[in-house]
4 protein chains.
Amino acid sequence: MSYNSFGHLFRVTTWGESHGPSLGCVIDGCPPGIDFTPADIQHELDRRKPGKSRFVTQRREADEVKILSGVMEKSGPDGDGLVTTGTPISMMIENTDQRSKDYGQIAEQYRPGHADYTYDVKYGLRDYRGGGRSSARETAARVAAGALARKVVPGLRVRGAIVAIGEKNIDRGNWDWDLVEREDNPFFTPDEASIPVFEAYLDEIRKSHDSVGAIIEIVADGVPAGLGAPIYAKLDTEIAAGLMSINAVKGVEIGEGFDAARLTGVENADEMRMGSDGRPTFLSNKAGGILGGIATGEPIVARFAVKPTSSILSPRRSVDRQGNEVEVVTKGRHDPCVGIRAVPIGEAMVACAIADAFLMHRGQTGRI
Amino acid sequence: MSYNSFGHLFRVTTWGESHGPSLGCVIDGCPPGIDFTPADIQHELDRRKPGKSRFVTQRREADEVKILSGVMEKSGPDGDGLVTTGTPISMMIENTDQRSKDYGQIAEQYRPGHADYTYDVKYGLRDYRGGGRSSARETAARVAAGALARKVVPGLRVRGAIVAIGEKNIDRGNWDWDLVEREDNPFFTPDEASIPVFEAYLDEIRKSHDSVGAIIEIVADGVPAGLGAPIYAKLDTEIAAGLMSINAVKGVEIGEGFDAARLTGVENADEMRMGSDGRPTFLSNKAGGILGGIATGEPIVARFAVKPTSSILSPRRSVDRQGNEVEVVTKGRHDPCVGIRAVPIGEAMVACAIADAFLMHRGQTGRI
Amino acid sequence: MSYNSFGHLFRVTTWGESHGPSLGCVIDGCPPGIDFTPADIQHELDRRKPGKSRFVTQRREADEVKILSGVMEKSGPDGDGLVTTGTPISMMIENTDQRSKDYGQIAEQYRPGHADYTYDVKYGLRDYRGGGRSSARETAARVAAGALARKVVPGLRVRGAIVAIGEKNIDRGNWDWDLVEREDNPFFTPDEASIPVFEAYLDEIRKSHDSVGAIIEIVADGVPAGLGAPIYAKLDTEIAAGLMSINAVKGVEIGEGFDAARLTGVENADEMRMGSDGRPTFLSNKAGGILGGIATGEPIVARFAVKPTSSILSPRRSVDRQGNEVEVVTKGRHDPCVGIRAVPIGEAMVACAIADAFLMHRGQTGRI
Amino acid sequence: MSYNSFGHLFRVTTWGESHGPSLGCVIDGCPPGIDFTPADIQHELDRRKPGKSRFVTQRREADEVKILSGVMEKSGPDGDGLVTTGTPISMMIENTDQRSKDYGQIAEQYRPGHADYTYDVKYGLRDYRGGGRSSARETAARVAAGALARKVVPGLRVRGAIVAIGEKNIDRGNWDWDLVEREDNPFFTPDEASIPVFEAYLDEIRKSHDSVGAIIEIVADGVPAGLGAPIYAKLDTEIAAGLMSINAVKGVEIGEGFDAARLTGVENADEMRMGSDGRPTFLSNKAGGILGGIATGEPIVARFAVKPTSSILSPRRSVDRQGNEVEVVTKGRHDPCVGIRAVPIGEAMVACAIADAFLMHRGQTGRI
């Protein structure tokens, strides 16, 4: 219900701006007895962290997570092991790299593509320091929550990859999940051949003081058939809502998505046969793992579109709070393609949606 | 929270299957003092009604709405005027055309592309008569609710149109809103030139015992700037969730949507100037009327993709509950393109999302 | 969240006024596979039904429930058996005894103790026919929902009884649950000796054109230890909210309740020993079956206070919509003690709260 | 919906245990533009703070609040002025007095009256350090949230007082609100004559290694008529739920509460006349400021019962996790009457409920 929460039984509330002392999240409803280490959370945060290549913002943040509640230390040889107690888990990340600067102009001008104007209209005031709640900093809290969500569903594996940056698509024939996590791959791309293409393309974009969008694909394996519900709680709906809630996202699709509108019923039907394990199996996965809003047991496939970074060095026409017409240039350490770092964020949202659906399904039906 | 509700302050709960005695909705939180007539509701239901052309299901339903609570008769010359009292509004539509037939095979077989298998896995049983909650019948209740939602926001106008059926796109240069509602336009298309194209295409599809998908665009004018919220309650998120909750929808986008991922920041920025009315105005609307999750005051533009009707006369391979491999042919009076009738449904969901955002904004800020 | 719903996973939304065509409820989230008959529902409605003795309103309502969705007929010898499918269950009760009358005065005058004035202030208008949503008619829908809630938790038994009418208390030493349901007991009292006392007392109250309040006790046996949660979702909280949401209720307590404030820690502690079944057992139940918000496994005991019926034949001073000072006499067929019929209503609310807690507990912990 | 949140539009989520590094809350949905200072929050926290007299726990906590998000510094002469931005407000309080000790026995034994046993049954494990979420420490976060809630409704004033400690009642004829806040009044009592009575009584209780309960009354002035809603969102219900969610609370009542059950309709009716300001006024306030769930404009009066502190030095019989029968003595620095410090907590919950109802009413009706 609330403006800053996501989920029903596995409910995540995030708080914090990019230029306050810290940001964080509270996870309410996490099952008790889940074992994890702070390193599990930190690993996901590090994947999202800025400053790792020249293609992302050079802002330097330690992004070190502190776990403040909802856990107990676990007796045993593993020194830093924790276990969830079932009470709310509060996690906090300090903002360490808040350069003090003169926000004078930004405080008054409406940057095109930003939420400056709409915040002012809505609230009558706005926190102009670093974009407020619409800053990409907020997503660190989601990633921390997602790291725990991954552990709620036994056997769940949620991975993501870039499938397009601006006009450049990957070749799906080269798909290699291992590549995605490789240190020398700055793009979360699964196609090795795309790396030099993206490098050249983004260098050109940066030189022209511009930015570009991206498309990310998330794949969740190990989702038990039966999660989700018809109609307003379709698993598609929950995933779409989660992904669309990420800043700069403007489109979401499941399975064939918009391409499904181009197909015929014969082409789109995922036929079924009996599998060698004596259980029904699907011969294709056009549905992206969801039929009637309910998981089929096949991998869940979702894609989302991230618009180009709105903060660019090229001047754009705008107005200020006083009604003067101005030209705006947004300086600062901005990602030329904010979509790249959206990969672990998208994974986190899908993991949260699935963890929530798992608990909801167990609650209503007791069948898991 | 619940599985069958949509919205927070303007909250719609729908109920009913296609083969029970009736279906309906309860609208909780509708403001008091809204004047309307049953004809206002009926008009929207008639737009969605099956049986109006050979391109939609031939099932015959009166789809006559009964208003059971939450209203008072309005004194005055207008005999059937009603006014909302602020208490829950219950609306019911009887199912009149439930042909009795032998469901034996359908009860046992899993139709590809349908939710038959996933219902069985989830619930351990399913209402095989007419698709249960995943039937398009359910959407009548949404349309009834949307008819009232339209009246909640003064000056709001929500319209929709088909922009593609299968491989055939409309020519946006021909866009004519008046055409969309014309009696001799069976497609909700805004492009007159597309009518014969769609007719020939769909006749061919039907003859080949097949079906096809569609893309629908919804445009909302008169949305006050400020509606929505950052992050998890982004107006984009609420609209996306509403549209994705419609059965057979697999993709949703706002403004440029997936195309925004292909654009550069320079191309995508909606520049601003001062309007002749002394208020900020946008020189373009790539954002689809929403920045940072909050309405800009520009028209809100959303599109959604509907997959092809899964019920087709062409045989497809599947399995049954007993684990036998079978071939399934789905007879019956099905829409060759279920996307056509989705236009008023999409309008209803967008209207509900905006009405809800209007009340939420008024609640939190008091600024409207 | 919504104004007219109760519960989280087992979520009941009620609708309807006393003088519209019908009223009803939608139950969302009911588990699939629950067997019941319409007679199970009807039995509870009949217990609440008006007109059964001279001590309750003489309004005559059939209170016949129609089940419109969310169920399937069950194959088998039992002709009218139904089974829940997991989709929303809509139940409707028609209003049959709406005497047409002149509401002129009531429409304009504010009856003391009624919500007439507050409705007008809140909504700017009100449905003056029969009290609108504040009519006791609304509670029929709760009782229908509660009848199903009782079946959600295996082994659950929820019973209620009158423990005081006005100044007259029962003797708890005479407690006899069988008596409560006996046909010749018009008071739901568990103390046979109280029957003539209540009869004489209420006859006197009626003759003096007055009314009186009551206190009801609800006892739930078979509640599994572990239901509930600390803090805001304390099982005490959920039960208190449910009972307080009944019209005319002004107080709620769990276990010793207000008397616990008078006790010392030594007196109030429910000591524990090991039971003969090898499980912990409590030597007393001052806590009313709930510690820290979580069920102990002991019977849950709740009491609630119902104020005297506000509709009385004795004239009371008031004002009207135009600001004139008036004397109001409320004619009609009103219960001299509306608390009597509140027994099955209280049971229904407690059953709903426990069913919801059961699903929530199963969802979060999987431990049931 | 979630287990650790309270409210709908003004939504407070608390987190933290008494023995972790910190505890806190997130307030989501607070209106923008509310001016306050950290001292406003700190003032309320100090009122609740332990260690101020020998009648409350001697645990020493600074209870210093840190505001981490959702605010901006206010330009102006007042150096520490803050203004809410409309985004989530995170507040944190560090736990400074966590004596390290051997929890061995407490970890294994179930203290009578505590939630030890029920936590173990529910979650399969529990945080035995200091009572976990059921610790009174959690209430500090509520008080911080309530301090802000008080500022949401213009003109609202929420005050509370002790009306009984154990068997000792105050004399309502002596009621003096100024006394309640006086430094030399350790009991929040409004009756000066009660101070020596309570002192002697509690000293005796402490000497006998016992504890005792209390009854607290909260009065809210300046609540606009119209707040609340019929049925499940009755303002009575929201207040009752808020108060009942405080640990150790076992009963709640509004206005005459349980005494209303003893009254006749003639006695209980709050008669109305026209006030000198030309608006309707009530000649009494038996209803406690709420009719039909909606505020009348009269002061809202609520009372709640706190059970005696369960941690006592007198040995009580119990069992341990291994099923051994034991005698438990709970050492430590516990409040002999935990109800005393419940006064500001109850105020906070009532303030939060009213702030939420204010925003809900404004959202649905726009009439404020």
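The rules we used
Sequence positions are assigned chain by chain, starting from 1 and proceeding in written order. Labels follow written order: the first chain is A, the first ligand is 1, and so on. In view of the model being predicted, local features appear only for residues whose pLDDT reaches at least 70, and side-chain atom pairs are presented and counted only at 80 or more, with totals across whole chains, interfaces and linings using the full set of residues. The side-chain quantities take in all heavy atoms of the structure and omit both hydrogens and water. UniProt positions are given in the numbering used here, feature names are shortened, and annotations may be inferred rather than shown by experiment. Going along the chain from the N terminus, every DSSP run of H or I of four or more residues is numbered as a helix, and every run of E of two or more is numbered as a strand. Partly exposed residues are those whose accessible area sits between 20% and 50% of the maximum for their type, while under 20% is buried and over 50% is exposed, using a 1.4 Å probe and protein chains only. Contacts are assigned to residue pairs that have any heavy atoms within 4.5 Å of one another. Only a pair of cysteine sulfur atoms within 2.5 Å qualifies as a disulfide here. The term buried area refers to how much accessible surface (probe radius 1.4 Å) is lost by two components on association, counted for both of them together. The term salt bridge refers to a side-chain nitrogen of Lys or Arg lying within 4 Å of a carboxyl oxygen of Asp or Glu. For this classification, the nonpolar set comprises Ala, Val, Leu, Ile, Met, Phe, Trp, Tyr, Cys and Pro, the charged set comprises Asp, Glu, Lys and Arg, and every other residue, Gly included, is treated as polar. Side-chain rings of Phe, Tyr and Trp, where Trp is taken by its six-membered ring, are said to pair if the distance between their centres is within 6.5 Å; with planes under 30 degrees apart they count as stacked, over 60 as edge-to-face, and otherwise as tilted. Side-chain atoms alone can form a polar contact between residues adjacent in sequence; in general such a contact is a pair of N or O atoms within 3.5 Å, and within protein one must be able to donate a hydrogen while the other accepts it. Pairing between two strands requires that DSSP report at least two bridges joining them. Only buried residues count toward a nonpolar core, which is a set of Ala, Val, Leu, Ile, Met, Phe, Trp, Tyr and Cys residues joined through side-chain atoms within 4.5 Å. Least squares is used to superpose the copies, and the fit set is the C-alpha atoms of residues whose pLDDT is at least 70 in both copies.

Within the UniProt annotation, "binding site: FMN" (unreviewed entry) is assigned to R133, S134, S135, N247, A248, G292, K307, P308, T309, S310, S311 and R333 of chain A. A stretch of 201 residues holds the annotated residues, and the largest C-alpha distance among them is 43.9 Å, long enough that they do not meet in one place. Residue placement: S134 of chain A occurs in the loop between α3 (116-123) and α4 (139-149). You can call S134 of chain A partly exposed: its relative accessible area is 23%. The contacts of S134 of chain A, once residues within four sequence positions are left out, are A115, Y119 and N247 of chain A together with P230 and G292 of chain B.

All names here are of chain D. Under the counting rule described, the total for this entry stands at zero disulfides over all chains. This cysteine, C25, is not joined by any disulfide, and C352 carries the nearest cysteine sulfur, 8.5 Å off. Given the relative accessible area of 0%, C25 is considered buried.

Between chain A and chain D, the residue contacts involve 41 residues of the former and 41 residues of the latter. Taken together, the two surfaces of chain A and chain D that pack against each other cover about 3100 Å², and 68% of this comes from carbon and sulfur. The three residues of chain A that bury the most area against chain D are W15, L68 and M72 of chain A, which together make up 17% of that side's buried surface. Counting across the chain A and chain D interface gives zero salt bridges. Residue assignment for the side of chain A that touches chain D shows that the elements contributing at least two residues are β2 (11-15), β3 (22-28), β6 (71-73), β7 (82-84) and β8 (89-94) of chain A. Residue composition of the side of chain A that touches chain D, grouped by class: 17 nonpolar, 17 polar and seven charged.

This paragraph deals with the packing of aromatic side chains. Residues and elements named next belong to chain A. In this structure the tally under the stated criterion is 30 aromatic pairs over all chains. Taking 5.5 Å as the distance between ring centres and 75° as the angle between the ring planes, the aromatic pair formed by F187 and F198 counts as edge-to-face. Of this pair, F187 sits in the loop between α5 (177-180) and α6 (194-207) while F198 is found in helix α6, placing the two residues eleven residues apart along the sequence. Just as F187 is buried, F198 falls in that class too. Chaining the aromatic ring pairs together yields one cluster made of F55, F187 and F198.

One widely used convention gives an interface's size as the accessible area the parts lose upon coming together. Taken together, the contacts link 108 residues of chain A with 108 residues of chain B. Summed over the shared surface of chain A and chain B, the result is eight salt bridges. Here R273 of chain B ties to E325 of chain A by a salt bridge, and the two come within 3.5 Å at their closest N and O atoms. Applying the counting rule to chain A against chain B returns 69 residue pairs in polar contact (both at pLDDT 80 or more).

Okay, the sheet that holds strand β6 (residues 71-73) of chain C next. All names here are of chain C. On the basis of which strands lie adjacent, the open sheet formed by three strands has the order β4-β7-β6 and antiparallel pairing. Looking at strand neighbours, the two that pair on one side only are β4 (35-36) and β6, the edges of this open sheet. Bridge count for β6 against strand β7 (residues 82-84) is three bridges, and the pairing is antiparallel. Bridge pairing in β7 links V71 to T84.

On to the UniProt feature "binding site: NADP(+)" (unreviewed entry) in chain A, then. Residues and elements named next belong to chain A. On the UniProt side, "binding site: NADP(+)" (unreviewed entry) is annotated at positions that read R48 and R54 here. You can see R48 is positioned in helix α1 (residues 38-48). Non-local contacts of R48, meaning those with residues more than four positions away in its chain, are made with D63, A136, R137, T139, A140, V143, R341, P344 and I345. Along the chain, R54 falls in the loop between α1 and β5 (65-67). Residues contacting R54, with those up to four places away along its chain left out, are D203, R206 and P336. At a separation of 2.8 Å, a polar atom in the side chain of R54 contacts the side chain of D203.

Turning next to α3 of chain A. Among the eight residues in α3 of chain A, seven count as buried, and that is most of the element. Within α3 of chain A, the full set of buried residues consists of D116, Y117, T118, Y119, D120, K122 and Y123 of chain A. Summarising the contacts, the buried residues of α3 of chain A are in contact with β13 (272-274), β14 (280-282), β15 (290-291), β16 (294-295) and α9 (342-365) of chain B. Of the residues one or two after α3 of chain A, G124 of chain A is the one with positive phi, at around 80°.

Counting 395 residues, the largest nonpolar core has I165 of chain A, I165 of chain B, I165 of chain C together with I165 of chain D as the members making the most contacts within it. Those residues in contact with I165 of chain B that lie beyond four places of it in its chain are F187, F198, Y201, L202, V212, G213, A214, C337 and I340 of chain B.

A few words now on the relation of the copies chain A and chain B. Aligned on chain B, chain A shows an RMSD of 0.0 Å; the corresponding rotation is 180° and the shift along the axis is 0.0 Å. Look at the turn and shift together and you get a two-fold axis relating the two. Of the interface residues in chain A, 100% have counterparts in chain B that sit at the interface too, so the contact is made through matching surfaces.

Right, let's talk about the pattern of salt bridges for a bit. Using the criterion set out here, one finds 118 salt bridges over all chains in the structure. Across the pair R316 of chain A and E271 of chain B runs a salt bridge, and its minimum N-O distance is 3.6 Å. With R316 of chain A in strand β18 (residues 316-319) and E271 of chain B in the loop between α8 (265-268) and β13, this residue pair bridges two chains. Of the charged contacts in the structure, one is a salt bridge between D46 of chain D and K49 of chain D, with a shortest N-O distance of 3.7 Å. Of the residues examined, K49 of chain D reaches a relative accessible area of 23% and is grouped as partly exposed.

Once turned by 180° and shifted 0.0 Å along the axis, chain A lies on chain D with an RMSD of 0.0 Å. A high fraction, 100%, of the interface residues of chain A reappear at the interface in chain D, so the copies pair face to face through one surface.

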